[in-house]
Amino acid sequence: MSRPKLDSTTISQKLAAVSQWNIDAGETALTRSFKFKDFSEAFGFMARAALVAEKLDHHPEWKNVYRTVEVRLTTHDAGGLTQLDFDLAGAMDTIAASTGQ
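So, here is what we can say about the structure in this document.

Rules behind the numbers
Residues numbered from 1 in each chain as written. Predicted model: local features only at pLDDT ≥ 70, side-chain atom pairs only at ≥ 80, totals over all residues. Heavy atoms only, no water. Phe/Tyr/Trp six-rings, centres within 6.5 Å; stacked < 30°, edge-to-face > 60°. Helix = DSSP H or I, 4+ residues; strand = E, 2+ residues; numbered from the N terminus. Buried < 20%, exposed > 50% of the residue type's maximum accessible area, 1.4 Å probe, protein only.

## So, the packing of aromatic side chains
For the structure shown, the criterion picks out 5 aromatic pairs. Pairing phenylalanine 34 with phenylalanine 45 gives two aromatic rings, centres 4.7 Å apart and planes at 40°, and the pair type is tilted. Residue phenylalanine 34 is found in strand S2 (residues 30-35), and its partner phenylalanine 45 is found in helix H2 (residues 39-56); the two are separated by 11 residues along the sequence. For the residue pair phenylalanine 34 and phenylalanine 45, the accessibility class agrees, reading buried in each case. Centroid distance phenylalanine 39 to phenylalanine 43: 5.8 Å. Interplanar angle 35°. Geometry classified as tilted.

As structure tokens, this is what we get:
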């Protein structure tokens, strides 16, 4: 399911709902670093987020080092940000909040 690339105005509006995320200079990706209590909590977050990503058929670029998970969201086939990126960012925020992060 292809989604249209969002324009700058729409991106600015949607960014308010995911205010802990950063946007790159070209408005092509959202990034955020999550820090957890330990590796197990970080890995649990990734497992839960992976289930949401699979359901959305929209997969993050991410890496995990011990208790830190760095995430980059973009929609490659749209060449930038789409609603899917904001949907996944919001879901990740909710998952992280449920761990006390």
